[in-house]
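Each chain, letter by letter, is given below.
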Amino acid sequence: MSGHSKWNNIKRKKEKTDGQKAKLFTKVGREIGVAVRMGGADPASNGKLRDLIAKAKSLNVPNDNIQRIIKRAEGGEKDNYESITYEGYGPCGIAMMVETLTDNRNRTAANLRHYFDKFGGNLGNMGCVGFLFTQKGVIVLDGEGLDEEKVMEDCFDAGAEDFDMGDDVVEVTTDPDAFSAVRQALEDKGYTFISAEVEMVPSTTSAITDEDNQKLMAKLLDTLEDDDDVQNVWHNLENEEDLDR
């Protein structure tokens, strides 16, 4: 992504409203429940759960809530969610990947197809845009008041692949397999996390210059993020800062 766009998008993460955060609480809670059922309730032996607890804490989810979710999942919560990633095109051919966690794949697929059709895109087949993205660990730190050289030293010492600092935030990228170890090392060094997830990072980006299509793209992104089944949305839009969201 272009630098300006990237920092604008990261600042949006930092400035999410209380309503948006409440929805994120629910979604990360669902992820935690699935992780417990798949790998057990002990974060010391369940790396996925450990990462999700850190994610929940970065969203300011109270520790009591986290422990309640873990206990409920450990007790055999009946919800049976499966992870499905959909691929498609937004307005002007913007490549999009939508990660979902659903207990009804027919409902989810129908909803996503409706959203894409309504807002100028189309849901594609698996693999239609996936080749445009690479899986990376992406850690965003609060960089306010920090010394750039010291942060860089700490990031590379932790095993990061790359480091970028700007606008009071730091973006650290890692190999997906090293993500947990790097995140834990930076946590141990006392850094404050804005977000920390394994993401699909686009290899190339495309811009939308038409105002009507920018509005459609903004509505598509907002509608997808508002859907309870949608966990993450990735795209290769270059100029997201131009969207009126």
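Rules of the game
- Residues numbered from 1 in each chain as written.
- Predicted model: local features only at pLDDT ≥ 70, side-chain atom pairs only at ≥ 80, totals over all residues.
- Heavy atoms only, no water.
- Helix = DSSP H or I, 4+ residues; strand = E, 2+ residues; numbered from the N terminus.
- Contact = heavy atoms within 4.5 Å.
- Pairing = 2+ DSSP bridges.
- Salt bridge = Lys/Arg side-chain N within 4 Å of Asp/Glu carboxyl O.
- Buried < 20%, exposed > 50% of the residue type's maximum accessible area, 1.4 Å probe, protein only.
- Arc of directions from axis to C-beta.
- 1 Å grid on protein atoms, 1.4 Å probe; cavity = no way out; pocket = protein on both sides within 12 Å on 5 of 7 lines; lining within 4 Å.
- Points joined across faces, edges and corners; volume = space filled by probe spheres on them.
- Nonpolar A, V, L, I, M, F, W, Y, C, P; charged D, E, K, R; others polar.

## What about the environment of I69?
- Along the chain, the position of I69 falls in helix α4 (residues 63–74).
- Considered as a pair, I69 and G33 are 36 residues apart in the sequence and their alpha carbons are 6.4 Å apart.
- Every residue in contact with I69, bar those within four places of it in the chain, is listed here: G29, I32 and G33.

## Remarks on the pairing of strand β4 (residues 133–142)
- Summarising the sheet, β4 and strand β7 (residues 193–202) pair through nine bridges and their orientation is antiparallel. Bridge pairing in β7 places L141 opposite F193.
- Here six bridges tie β4 to strand β6 (residues 169–174), and the two strands are oriented antiparallel to one another. The residue bridging G137 from the neighbouring strand is T174, located in β6.

## Digging into the pattern of salt bridges
- Within the structure shown, the criterion is met by 15 salt bridges.
- Where D226 meets K23, a salt bridge forms, and the shortest distance between an N and an O atom there is 3.9 Å. Placement of the pair is D226 in helix α8 (residues 211–226) and K23 in helix α2 (residues 18–39), with a sequence separation of 203 residues.
- In this structure D226 comes out as partly exposed when scored by relative accessible area, which is 49%.
- On the basis of relative accessible area, K23 is assigned to the partly exposed category, the value being 26%.
- It is possible to trace a salt-bridge network through shared partners that takes in R30, D103, R107 and D229.

## Here's the deal with helix α7 (residues 179–188)
- Of the residues making up α7, those classed as buried are F179, V182, R183 and L186. One face of α7 carries all of its buried residues, which in axial projection span an arc of 100°. Away from the buried face of α7 by more than 90 degrees, exposed residues A181 and D188 are located.
- Contacts made by the buried residues of α7 are with α3 (47–58), β4, α6 (148–158), β6 and β7.
- G190 occupies a position one or two residues after α7 and carries a positive phi of about 90°.

## Some points on the layout of surface pockets
- Reported here for the second largest pocket is a volume of approximately 570 Å³.
- As for the second largest pocket, its lining consists of 30 residues, and the residues nearest its centre are E31, K48, L52, E99 and V198.
- Elements supplying a minimum of two residues to the lining of the second largest pocket: α2, α3, β1 (82–89), β2 (95–102), α7, β7 and β8 (230–235).
- For the lining of the second largest pocket, the class distribution of residues is 13 nonpolar, nine polar and eight charged.

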